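# Chains, contacts and geometry: an overview
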Amino acid sequence: MSLDVPTALLERVERGQVVDDAEFVDVVRQSLPYAWTIVSEVASQSAASGAEFVDHAVPPPSEKERGELLRALASDAIRSGLERHFGVKLAFQNCHRVAAFKLSAVGGDTYQRFISPTAQIANQSPELRDC
């Protein structure tokens, strides 16, 4: 299961009520604490930096944390909720490299290179094949 959704919120959704971004992001924060920490760090570093992007490339301490990153960044809803919350565009490589791009950099050369198949292949190594 990707998220630990409080029963009351789940019941509201089942009745057809819409979940706002703040509620959703809070569920993500509580359910995926490692992923939340990494995204928070790169987002805050991005805001403080003049660089087009900031990344975190340290492998997670365990498969549990790696799973959190995968769930957070593979889900369109979770990823876009985090992007709206933090005001960045997230990019992801190699099961653990998380980057936060300034919105003004999206579509630019640096962003296009980072998300390219060439960059993904260049960042491969034998130890990452089973991540």
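Residues numbered from 1 in each chain as written. Predicted model: local features only at pLDDT ≥ 70, side-chain atom pairs only at ≥ 80, totals over all residues. Heavy atoms only, no water.

## A closer look at the environment of Val18
Where we set the bar: Here a helix means four or more residues in a row that DSSP labels H or I, a strand means two or more in a row labelled E, and each is numbered from the N terminus. Exposure categories follow from relative accessible area, calculated using a 1.4 Å probe and restricted to protein chains: below 20% of the type maximum is buried, above 50% is exposed, and the middle band is partly exposed. The contact rule is simple, with two residues in contact once any of their heavy atoms fall within 4.5 Å.
Considering the arrangement of structural elements, one finds Val18 in the loop between helix H1 (7-14) and helix H2 (21-31). Look at Val18 and you get exposed, because its relative accessible area is 71%. Considered as a pair, Val18 and Phe53 are 35 residues apart in the sequence and their alpha carbons are 33 Å apart. Filtering out sequence-adjacent residues up to four positions away, Val18 remains in contact with Arg12 and Glu23.

## A closer look at the pairing of strand S1 (residues 53-56)
Cut-off, in case you're wondering: Two strands make a pair as long as DSSP finds a minimum of two bridges between them.
Only one face of S1 is buried, namely the one carrying Val54 and His56, since none of Phe53 and Asp55 on the opposite face is buried. Summarising the sheet, S1 and strand S3 (residues 97-102) pair through 4 bridges and their orientation is antiparallel. Opposite Val54, over in S3, you have Ala100 as the bridge partner.

## Quick look at the pairing of strand S2 (residues 88-93)
Relative to S3, S2 runs antiparallel, the two being bridged by 6 bridges. Directly across from Phe92, in S3, lies its bridge partner Val98. Taken together, S2 and the strand that follows it, S3, pair antiparallel across an intervening segment of 3 residues, in which Asn94 is found at a positive phi of about 60°.

## Some words on the packing of aromatic side chains
So the rule is basically this: Aromatic contacts are taken between Phe, Tyr and Trp rings whose centres are within 6.5 Å, Trp giving its six-membered ring; a plane angle under 30 degrees counts as stacked, one over 60 as edge-to-face, and the others as tilted.
This structure, assessed with the given rule, holds 5 aromatic pairs. Here the aromatic residues Phe53, Phe101, Tyr111 and Phe114 are joined through ring pairs into a cluster of three or more.

## Details of the sheet that holds S3
What links the strands of a sheet is backbone hydrogen bonding, and the strands pair in either a parallel or an antiparallel sense. Rules: Each axis is a line fitted through C-alpha atoms, taken for helices only over the stretch in contact, and angles between the N-to-C directions span 0 to 180 degrees.
Read across the open sheet, the 3 strands follow the order S1-S3-S2; overall the sheet is antiparallel. At either end of the open sheet lies a strand with only one pairing partner, and these are S1 and S2. For this sheet the average axis-to-axis angle between neighbouring strands, irrespective of direction, equals 20°. Packed onto the sheet, helix H3 (residues 33-48) meets S1, S2 and S3 and runs at close to 35° relative to S3. Across the sheet, helix H4 (residues 63-74) touches S2 and S3, and the angle it forms with S2 is around 130°.

## Observations regarding the nonpolar core
Filter applied, for reference: Residues belong to a common nonpolar core when they are buried Ala, Val, Leu, Ile, Met, Phe, Trp, Tyr or Cys residues joined through side-chain atoms within 4.5 Å.
One finds Ile78 and Leu82 to be the most contacted residues of the largest nonpolar core, which totals 23 residues. Contributing elements (two or more residues each) for this core: H2, H3, H4, helix H5 (76-86), S2 and S3. Looking at this core, the element that brings in the most residues is H3, giving 7 residues. Those residues in contact with Ile78 that sit more than four places away from it in its chain are Leu3, Phe24, Val28, Leu32, Arg71 and Ala72.

## Points about H5
What H5 keeps buried is the set Ile78, Gly81, Leu82 and Glu83. At its buried positions, H5 is contacted by H2, H3, H4 and S2. Just downstream of H5 lies Gly87, where phi reads positive at about 70°.

In short, shape yes, function no, at least from these values alone.
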